[in-house]
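# Commentary on secondary and tertiary structure
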Amino acid sequence: MLPAPPLLAVTHADPYPYYAALAREKPLYRDDALDLWIASHPDTILAVMRAPAARVRPPSEPVPKGLCGGPAGELFGRFVRMNDSAVHTRLKGLLAAFIQEQGARACTPQWPAMPATDAAAVDHWLTAAPVHAQAAFLGLAPALQADSAAQIAAFLSALPATADASQVAAGHAAARALQTRLESFLLADDVAPALRTLRDDGARADIPVAVLAANLAGLLFQSGEAGAGLLGNTLVHAGRRGLAAAEASADAEAIVGHVIRHDPPLHNTRRFLADTLTVGGQRIEAGQTVLLVLAAAASVQPDASWTFGALGHACPGQGLARHHAASALSHLLRAGADPAALAFRFRYRPLPNARVPQFAF
Ligand code: HEM
């Protein structure tokens, strides 16, 4: 049975035949029940992404309503991922240069301890590890890496419209702590060379330190859910192939590459139209939302890394995400996790865009 509509495909056991059929037969259509346009072929996705009218946030709601007027809203509104316009382009260039300069020095992350390897412990580790790795990459001390992972989790929990008052309050507190920590980190006298470059180039480009610091928190934020999905899907794949620990560790980068092509962690992203747009002869009205089904585009172009997006907002963390997932897989295997047992019983977290396995339920 095919997992239509597309939002259900993210958590379906095998959505890939459906995605291939979607891209082939319905490259762009309107789903009235979902009140969404769906773009699933590389050509239609790129046409939407290229259009200046297609924005990464709804023009009437640049920050989720529930977070407005507090630190979490302020942090969210500063993320490069959530902005279009000239500031986005300048900031994106600085962040990409920072990742490259820092990447030339960074080594394998010190992974957090794994006291147990049962399903619940693996679930917990999957969620925390990508943010730990990213915090280590920034150069934060180990205790601050753990704090940052917990704060990103609290921030993420405050984002959905369904978040309750205590989740929103915790999200604001976490955002305030992240902003303060990263600002003082960036302003420290003994700041690492790549961060100093970021600070100096930011000053020259007229980008306030508060915005640069928010975007360092943004790198932590971006690495979380999708990173958990990449690592989790890699574990499942290793388990299904019955790979022995030594074999999987030796081949970790290749396994991660295979998973990115054939069972990617992020299936969808969205664009919000500020103006009418015509794609392939179909007119999409201003105010409409277009779901870009990256996982369907990957069925047409499996080697194009569609799960990391494309064009102006493409992910600048792709190389790091691959490297961290491979290193995390080896660490999990060394710690004694059993991929075959994990792959035998799991489901997917009920998320709209990310495919993240959950082993304990
Ligand atoms: C498996 C892990 C990851 C996946 C699948 C992923 C995927 C994506 C995708 C699809 C986008 C574009 C969204 C859109 O166009 O609507 C994106 C943007 C972004 N990602 Fe990643 N990402 C991952 C890990 C990371 C990591 C580790 C970092 C940090 C270095 C990062 C930093 C960013 C940033 C800053 C943006 C915003 C770029 C912009 O708006 O111009 N990502 N990511």
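Now for a quick tour of the structure.

Thresholds, definitions, all that
- Residues numbered from 1 in each chain as written.
- Predicted model: local features only at pLDDT ≥ 70, side-chain atom pairs only at ≥ 80, totals over all residues.
- Heavy atoms only, no water.
- Pairing = 2+ DSSP bridges.
- Helix = DSSP H or I, 4+ residues; strand = E, 2+ residues; numbered from the N terminus.
- Contact = heavy atoms within 4.5 Å.
- Axes fitted to C-alpha atoms, helices over the stretch in contact; angles between N-to-C directions.
- Buried < 20%, exposed > 50% of the residue type's maximum accessible area, 1.4 Å probe, protein only.
- Near = heavy atom within 4 Å.
- Polar contact = N/O pair within 3.5 Å; in protein donor to acceptor, adjacent residues only side chain to side chain.
- Nonpolar A, V, L, I, M, F, W, Y, C, P; charged D, E, K, R; others polar.
- Parallel < 35°, antiparallel > 145°, perpendicular 65-115°, else oblique.
- Left-handed = near helix turned anticlockwise from the far one by under 90°.
- Donors = N, O, S within 2.8 Å, 3.2 Å for Na, K, Ca; no water.
- Expected span 1.5 Å × (residues − 1).
- Bend = angle between axes of the 7 residues up to and from the residue.

Right, let's get into the sheet that holds strand β2 (residues 36–39). Spatial ordering of the open sheet is given by β1-β2-β7-β4-β3, a layout of five strands whose pairing is mixed. This sheet does not close on itself; its edge strands, each paired only once, are β1 (28–31) and β3 (54–55). Of the pairings in the sheet, the one linking β1 to β2 comprises four bridges and is antiparallel in character. Across the sheet, residue D31 finds its bridge partner in β2, namely L36. Across the sheet, helix α3 (residues 42–50) touches β1, β2, β3, β4 (268–273) and β7 (289–293), and the angle it forms with β7 is around 135 degrees.

Moving on, we come to the pairing of β2. Of the two faces of β2, the one lined by L36 and I38 and the one lined by W37 and A39 are each fully buried. Linking two consecutive strands that pair antiparallel, namely β1 and β2, is a turn of four residues; a positive phi of about 55 degrees is found at D35 within it. Bridging between β2 and β7 involves three bridges; their strand directions are parallel. Counterpart to A39 in the pairing with β7 is L292.

A few words now on the site of the ligand. Taken together, the neighbourhood of the ligand is formed by 28 residues, with H88, T269, R271, H313 and C315 sitting nearest. Q222 places a side-chain nitrogen or oxygen 3.5 Å from a nitrogen atom of the ligand. The side chain of H313 places a nitrogen or oxygen atom 2.5 Å from an oxygen atom of the ligand. Broken down by element, the residue count for the shell around the ligand peaks at six residues, all from helix α10 (residues 209–240). Taken together, the residues of the shell around the ligand sort by class into 14 nonpolar, 11 polar and three charged.

Structurally, the position occupied by R355 is in the loop between β8 (347–348) and β9 (357–358). Engagement of the side chain of R355 in a polar contact is seen with the side chain of D263, the distance being 2.8 Å.

The next point concerns the packing of α10 against helix α14 (residues 318–334). Interhelical geometry of α10 versus α14 gives an angle of 50 degrees and a closest axis separation of 9 Å. Taken as axis vectors, α10 and α14 run oblique relative to one another. Crossing of α10 against α14: the hand is right-handed. On α14, the residues that touch L230, L231, T234 and L235 of α10 are A321, A325, A328, L329 and L332. Residue composition of the contact of α10 with α14, by class: eight nonpolar, one polar and no charged.

With that settled, the discussion passes to unusual backbone geometry. Look at D35: it is not a glycine, yet its phi comes out positive at around 55 degrees. Looking at the element boundaries, D35 is found in the loop between β1 and β2. Taking the relative accessible area as the measure of exposure, D35 reaches 45% and is therefore partly exposed. Phi angles above zero are rare outside glycine, and L311 is one such case at about 55 degrees. As for its position among the elements, L311 is in the loop between α13 (294–300) and α14. By relative accessible area, L311 is classed as partly exposed at 41%.

Moving on to the coordination of the iron atom of the ligand. In this structure the iron atom of the ligand is ligated by exactly one protein donor, C315 (SG), at 2.3 Å. With respect to the helices and strands, C315 occurs in the loop between α13 and α14.

Right, let's talk about α10 for a bit. Taking 1.5 Å of rise per residue, the 32 residues of α10 would be expected to cover 46 Å, and the 47 Å separating its terminal C-alpha atoms lies within 8% of that figure. The largest bend in α10 comes to about 35 degrees, at G224. Counting buried positions along α10 gives 27 out of 32 residues, so the element sits mostly inside the fold. Downstream of α10 by one or two residues, G242 has phi in the positive range, about 65 degrees.

With six of six residues buried, β4 lies mostly within the body of the structure. Burial along β4 is two-sided: N268, R270 and F272 and T269, R271 and L273, pointing in opposite directions, are all buried. Two strands pair when backbone bridges link them, and β3 and β4 are joined in this way by two bridges, in the antiparallel orientation. Bridge pairing in β4 links R55 to F272. The sheet contact formed by β4 and β7 spans five bridges and is antiparallel. Counted as the bridge partner of R270 is L291 from β7.

The subject of this paragraph is the environment of A250. With respect to the secondary-structure elements, A250 resides in helix α11 (residues 245–250). The sequence separation of A250 and T44 amounts to 206 residues, and the corresponding C-alpha distance is 39 Å.

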